Amino acid sequence: KIICGAQSKCPTTTARNEIIGRCRQMGWLPEDIIIMIDHDMLPSTTFFEHAVEFLHANPGPTVIASPYCGGPPDCFVQVCERDQNGIVRRVSREEAAVKTGTQETMLVGTGLFAANMAAFDAVEPPCFDYTYETPAMECASQTEDFYFCAKLLAAGGKVFCAWDHWSGHDKSLIVGQPVLE
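Here goes a summary of the coordinates provided. (Residues numbered from 1 in each chain as written. Predicted model: local features only at pLDDT ≥ 70, side-chain atom pairs only at ≥ 80, totals over all residues. Heavy atoms only, no water.)

## What to know about the sheet that holds strand 11 (residues 158-162)
In space, the five strands of this open sheet follow the order 1-8-3-11-6, with mixed pairing throughout. Lying at the two open borders of the sheet, with one neighbouring strand each, are strand 1 (33-37) and strand 6 (102-105). Neighbour to neighbour, the strand axes of the sheet diverge by 25° on average, direction disregarded. Alignment of strand 3 (residues 62-65) against strand 11, held across four bridges, turns out to be parallel. Considered in strand 11, the bridge of Ala65 is made with Cys161. Against the sheet, helix 5 (residues 144-154) touches strand 3 and strand 11, its axis set at about 130° to strand 11. (Pairing = 2+ DSSP bridges. Helix = DSSP H or I, 4+ residues; strand = E, 2+ residues; numbered from the N terminus. Axes fitted to C-alpha atoms, helices over the stretch in contact; angles between N-to-C directions. Contact = heavy atoms within 4.5 Å.)

Written out as structure tokens, the structure reads:
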């Protein structure tokens, strides 16, 4: 089954939740697969086939993502894992540079990801949302992708990163008027 949809709504959380809702309305089965790509991703062309094969071989609520880095200035790797002390931490750029294969992890960025409907069925809506540090919503403590992964893990699902299938992330730098120092 294929559903194509340009992001018809902003923000991204709304667009993603809308796609999932449309698939539910069309009667998609737990084994059916949704692949989502953000508009600013330069997708790994090898990820698609790998993700579909992986999800068919790993039934149950599962998500697999292509790794990528966030924008400047830090360009953080958008993957978190649990360290030997049980602390969830972001994978460093140095660690990511040598990772290979498909590994189970904790949280992944969802700029390019695939999930079976079982993953979305396991999570109470909304699947994608932000959490905030204060009621005034001035600072996000968790973005929509990590929010979804955390809810999926809490529901007994699994999260994987396909380290051999890196995607680019177009975060162009906008330069304004120079400032005298």
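Structure shown, so let's carry the discussion forward.
## Notes on the pattern of salt bridges
Inspection of the entire model under this criterion finds seven salt bridges. Here Asp40 and Lys171 are joined by a salt bridge, their closest N and O atoms 2.9 Å apart. Taken as a pair, Asp40 in the loop between strand 1 and strand 2 (41-42) and Lys171 in the segment after strand 12 (168-169) lie far apart in primary sequence, 131 residues in all. Residue classification places Asp40 among the buried residues on the basis of a relative accessible area of 11%. Accessibility expressed as a relative area gives 39% for Lys171, which makes it partly exposed. Salt-bridge contacts for Glu81 lead to Lys99; the nearest nitrogen and oxygen are separated by 3.4 Å. Of the two residues, Glu81 sits in strand 4 (residues 79-82) while Lys99 sits in the loop between helix 3 (93-96) and strand 6, which places them 18 residues apart along the sequence. Looking at Lys99, the relative accessible area reads 18%, which means it is buried. If you follow the salt bridges from partner to partner, you end up with Glu81, Arg89, Glu95 and Lys99 in one network. (Salt bridge = Lys/Arg side-chain N within 4 Å of Asp/Glu carboxyl O. Buried < 20%, exposed > 50% of the residue type's maximum accessible area, 1.4 Å probe, protein only.)

Geometric descriptors of this kind do not, in isolation, establish any biological role.
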